[in-house]
Every structure is written in C-alpha cells, then in structure tokens.
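# Inside the fold
In case you want the letters, here they are:
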Amino acid sequence: MDYYAALFLCLCLVTAQSGTAEASQESLRWMEKMEMPHKGRISISFAEFIRGLENRLLNASFQGSNLTLQTSTIQTLVFKLGCDFAGLSLNSVALKPVPQAPVRHAMQFPAELTRETCRTRPRDLRLICIYFFTARYFQVRAMNDNNASLLNNYVLGAQLGRGHVNNLTEMINISFWHNQSLVLCRCNHLSYFAVLMQISPAPMPAELLVPLTYISIVGCSVSIMASLLTILLHFHARKQSDSTTHIHMNLHTSVLLLNVTFLLSPVLAMPSVPESACMALAAILHYALLSCLTWMAIEGFNLYLLLGRVYNIYIRRYMLKLGAVGWGVPAFLMLLLLAIKSSAYGRHAIPIFDSQGNGTGLQNVSICWVRSPEAHSILVMGYGGLTSLFNLVVLAWVLRTLHRLKSRRGQEKALSTRACRDTVTVLGLTVLLGTTWALAFFSFGVFLLPQLFLFTIFNSFYGFFLFLWFCSQRCHSEAEVETKMEACSSSQTML
C-alpha cells in the first residue's frame, strides 16, 4: 500500500512540474513570437502582443516565489506577493544578463504597493515586470515632430495583478544609467517607463539672443528698403536692360520677399495666431529662401557664360528659362514637401539657455519655419550647401580666367585694365551671392560665436550689400558712356 501511495505521489509531482514547465514555456514561446518580424503589421498588433504577454504571465504556474524568463530583447519577472510585502528592489546587476541590455537599470517598489489591493483582493497577489530592450513595440514621438529616441532603447514596465495601481504616497523609483550618469524617474503609479530624448540643436545662450535679434531686425529692415529702392531705380531708368540686369532684379525680388517673411515669422508664431497662418508663412519663407538660393546659383551660371563664351552669348528665350528655374523649382520643392508631409511647416522652437541666475533656465523662442528635421537637412542645409559650393567653384574658375587675361603682357593695356576691373567686380558679386551662406556649416565648437554674428550680419544686410554693388555698377556704366561720348565728340572736333 505504501508503495502505491509513493508511486502516486511521485506521479503527481511529475505532472505538476510538467504543467508548471508547460505554463512557463507558453509565455516564453509568446515572447519569441513577439521578436519575429511581422511584415505589414501596424502598431496596434504590438499592443495586443504586450497584453497577451501580460495575461500569460499572470496565469503562469510556477514553483517558488518568482519566475524569470528572457529572450534576446525581452526579460520578464513574476513575483508572488503577500499582504506583508515590505518592498522590493530589482537591479539588472543581480539578474541574469541579457545580450541586448549591457547598460544597467533598476526598479524599486515601496511597501505601500500592495496595501490597497490587500483591502479589496487579498489573495493571489502577483507582480509582473516586463523589460523591453528595443523600441519596436512602442511609438516614439516628440513635440514639434522632431527626432526622438529612447534612452538605451529601454522600456521598463510593471503591473500588479489585473488592477491599476496609482496615487501612491511613496514613490516608485526607476533608474536608467547612461554614460556613467544616472537618470532617476519617480512615479506614483505602475505603467511602462522610458526616458524620451528629443534630439535638437544645442541651446543658444540667452545673452546672445538680444544682440542677434537687433542685428536681424535692423539688417532685414535696411535690406528691405535697399531692395525696394534698387527695383524702383531699375524701373525708373526706362531703358532696355540686358539679361544680367534682369537676373539682378529677380535676385533683389527674392531677397525682398525673404526679408519680409523673415520679419513676420516671429509675429505669426505667437500662440494667439492660428496654426494655419503660421504654416502658410513658414511655407512662403521656405519658398523665398529657396528662390534666393536658386537665383544666387543663376548669377554664378550667368557669370560662367559671360566669361566662358568670351562676352558673346545668345540663348533663345534665355530669361524665360531662367525664370522657370529661379521661381519654378523652389515652388515645386515647396509643394512637394507639403504633399508628402503637410506638418513639415509650422511653429519651430529654438531652445534658449538662460545662464543667468541659477543657470538652469531653458526656454524656447518660436518662429514659423520648417520643423521637419529631414526636410531641413535636405531642402535647407543641403540646397544651400550645393548653391554655395557651386558659386565658390565658379568664383575660383572666374578669378583664374581673369588672372590669365591679366598675365598676357603682350596684349593692349586696356584689356589688362579691364581684366583687373572685372576681377574686382566678379569677386564682389560672387562673394555676396552665396558664399556668406556657407557660414551656416561652421556652427560648432570655437566657430559658433563668431559664426552666429558673421552669418547674422552678412545675411541680414545682404540686400543692402547688393544695393551698393548695383549703385557701383550703375556709376561705372554711366562713366563708360560719358567716356565714349567724350571720345566721339573729340574725334568730330578734329574732323
């Protein structure tokens, strides 16, 4: 009889262990299924996977007081708790290491965690902790649609039974380590926790904001008046203009539009202004910048033709084609961006760091601008970089060509004099038409402070510098006409 009783007891133990192992293996298989690639699935499927894992862990049978399961990117812990719970501290150092989680993390639960649950459901208290070491199961979004990522790609979650734990007086501590520094999160509820990092440019010191703002306002205002005056003087002349003059006037028009929209940008970015108005102005401002950059490149292209064709060029419908490029290409790019991502334009926050006082103040200054990092990198920095590079190449080629003309000693003196004059003209024109925008690529390290002021000064007064160049060219042209008239009258007198 004792033999059969012992055999029956052994059979029961084996069956219980088999059932426990099968329950834990079911949770493990579910975790492995979550890690498999699921083509065509949307984010709600991942939410269902997470809820399914929670249910399986809550229903899992196991011996002892805790159960630990893990895969390459998921680690789960299940604890049986009683109403005499005195708190729990979990540290990744004491747990089995996970290949995808080399950086340390920890969670600390207070004794108050089970107090409310014990009053209503004193039995079957079970705490589950689920650690995800990848962000693929969660949607990561930041304010203003900027780039964002999770610190270490860690998401740490906890749940007590099937109820909700919130409004705790003793905080739950969640610790994340990163580069030998600690990020401590303190919460009064159970949920999934992560540290969201918003990738943004380094904040500008607040003490630089005021002088840079004054320089921008004064410079853009002066440039607006200068561009308007240049355009009015051009139409007042009422004479047949060549293609070069038409190109200059189109560039002045784009600069005028750029300065006007730039000054209106902070005004329409205020919270009281509708978002649609700020979005429309941001699109126009981007279009004006692209047009300005494009006409800069056209200026360089026209200079190349003037010297490359030995001052004698004719292209059928030349200005019509240049106008289609100068105004049409920027419009196409702006409309294409709106069609692909309508939220690419709107209020863009510029982080400002206040180093006065306690040195911890951080605020934002908003303007209506491109707020998509991808669009800004491609259609602002990339487009501007190509334009500046093209004009720099043209400048180097033009100066080299004019230097060869000057070095030919056997030619007439007038040709050498004209070569020197053209060198000064091309240098002034090409430096003003694009090369100053290359300063935008030196906003780092020791170059940051001088770059901010040089970029602001040169490009805010850009229209004024063009006006000075226009006046010098006009005076030079009138002087040439007077010289020719004097030479003609002298020859007639001699006759």
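Residues numbered from 1 in each chain as written. Predicted model: local features only at pLDDT ≥ 70, side-chain atom pairs only at ≥ 80, totals over all residues. Heavy atoms only, no water.

## Examining the overall build of the protein chain
From N to C terminus, the protein chain includes eleven helices and 14 strands. The buried share among the 495 residues of the protein chain stands at 40%. When contacts within the protein chain are restricted to residue pairs at least 6 apart in sequence, those whose partners lie at least 24 apart make up 72%. In the structure as shown, the protein chain presents an accessible area of about 28,100 Å², 63% of it carried by carbon and sulfur atoms. (Helix = DSSP H or I, 4+ residues; strand = E, 2+ residues; numbered from the N terminus. Buried < 20%, exposed > 50% of the residue type's maximum accessible area, 1.4 Å probe, protein only. Contact = heavy atoms within 4.5 Å. Areas by Shrake-Rupley, 256 points an atom, 1.4 Å probe, with all protein chains shown as cover.)

## Re the nonpolar core
L251 and Y462 are the most contacted members of the largest nonpolar core, which totals 38 residues. When contributions to this core are tallied by element, the ones reaching two or more residues are α5 (243-268), α6 (275-308), α7 (318-340), β14 (361-370), α8 (373-407) and α11 (462-494). For this core, the element with the highest residue contribution is α6, accounting for 15 residues. (Core = buried A, V, L, I, M, F, W, Y, C linked by side-chain atoms within 4.5 Å.)

## A closer look at the packing of aromatic side chains
In total, this model carries eight aromatic pairs according to the counting rule given. Aromatic side chains Y287 and W327 sit 6.4 Å apart centroid to centroid with 40° between the ring planes, which places their arrangement in the tilted category. Residue Y287 is located in helix α6, and its partner W327 is located in helix α7; the two are separated by 40 residues in the primary sequence. Ring pairing ties together the aromatic residues Y287, W295 and W327, which thus form one cluster. Here K80 stacks its cationic end above the ring of F62, 4.6 Å away from the centre of that ring. (Phe/Tyr/Trp six-rings, centres within 6.5 Å; stacked < 30°, edge-to-face > 60°. Lys NZ or Arg CZ within 6 Å of the ring centre and 35° of its normal.)

## Topic: the state of the cysteines
Disulfides are covalent bonds that connect the sulfur atoms of two cysteines. Counting across every chain of the model gives two disulfides. Two residues, C83 and C118, share a disulfide whose sulfurs are 2.3 Å apart. Here the disulfide of C83 and C118 is left-handed, its torsion about the S-S bond being about -110°. Here C83, found in the loop between β2 (74-81) and β3 (88-91), pairs with C118, found in helix α3 (residues 115-120); they are 35 residues apart in sequence, far enough to count as distant. On the basis of relative accessible area, C118 is assigned to the buried category, the value being 14%. Between the sulfur atoms of C278 and its disulfide partner C368 the distance amounts to 2.1 Å. Taking the torsion about the S-S bond as the criterion, the C278 to C368 disulfide, at about -125°, is left-handed. Taken together, the residues C278 in helix α6 and C368 in strand β14 connect sequence positions 90 residues apart. Judged by relative accessible area, which is 0%, C278 ranks as buried. On the basis of relative accessibility, which here comes to 0%, the residue C368 falls in the buried class. (Disulfide = S-S within 2.5 Å.)

## Some thoughts on the sheet that holds strand β9 (residues 181-187)
Read from one edge of the open sheet, four strands run β3-β4-β8-β9, paired in antiparallel fashion. Here the strands that pair on one side only, and so sit at the sheet edges, are β3 and β9. For this sheet the average axis-to-axis angle between neighbouring strands, irrespective of direction, equals 10°. (Pairing = 2+ DSSP bridges. Axes fitted to C-alpha atoms, helices over the stretch in contact; angles between N-to-C directions.)

## Some points on the sheet that holds strand β10 (residues 192-193)
Spatially, β1-β2-β5-β7-β10 is the arrangement adopted by the five strands of the open sheet, whose pairing is antiparallel. One side of each edge strand has no neighbouring strand; the edge strands of this open sheet are β1 (66-70) and β10. Here six bridges tie strand β5 (residues 125-132) to strand β7 (residues 155-160), and the two strands are oriented antiparallel to one another. Residue pairing for β7: Y131 is matched across the bridge by L156.

## Some details on the side chain of R347
Looking at the secondary structure, you find R347 in strand β13 (residues 345-354). Owing to a relative accessible area of 16%, R347 belongs among the buried residues under this scheme. Of note is the side chain of R347, whose polar atom sits 2.3 Å from the backbone oxygen of V273. A polar contact of 2.3 Å, which involves the side chain of R347, links it to the side chain of E275. (Polar contact = N/O pair within 3.5 Å; in protein donor to acceptor, adjacent residues only side chain to side chain.)

## Structural notes on a nonpolar patch on the surface
Taken together, the side chains of F301, Y304 and F390 define a hydrophobic patch exposed on the protein surface, amounting to about 270 Å² of accessible area. By the element assignment, Y304 lies in helix α6. (Patch = residues over 30% accessible without salt bridge, like charges linked within 9 Å, V, L, I, M, F, W, Y side chains within 5 Å. Salt bridge = Lys/Arg side-chain N within 4 Å of Asp/Glu carboxyl O.)

## With respect to unusual backbone geometry
A positive phi is found at N153, a non-glycine position, where the angle reads about 60°. We classify N153 as partly exposed; its relative accessible area is 35%. Here R317, not a glycine, exhibits a phi torsion of approximately 55°, which is positive. Judged by relative accessible area, R317 falls into the exposed class, the value being 52%.

## Here we look at the packing of α5 against α6
Where α5 contacts α6, the two axes come as close as 8 Å, and the packing angle between them is 155°. Judged by the inter-axis angle, α5 sits roughly antiparallel to α6. Remark: the crossing between α5 and α6 carries left-handed chirality. Taken together, the residues of the contact of α5 with α6 sort by class into 21 nonpolar, nine polar and one charged. (Parallel < 35°, antiparallel > 145°, perpendicular 65-115°, else oblique. Left-handed = near helix turned anticlockwise from the far one by under 90°. Nonpolar A, V, L, I, M, F, W, Y, C, P; charged D, E, K, R; others polar.)

## What to know about the pairing of β3
Because side chains alternate across β3, one face comprises the buried residues L88 and L90, and the other comprises S89 and N91, none of which is buried. Note that β3 and strand β4 (residues 105-109) share four bridges and pair antiparallel. Of the residues in β4, the one forming a bridge with N91 is A106.

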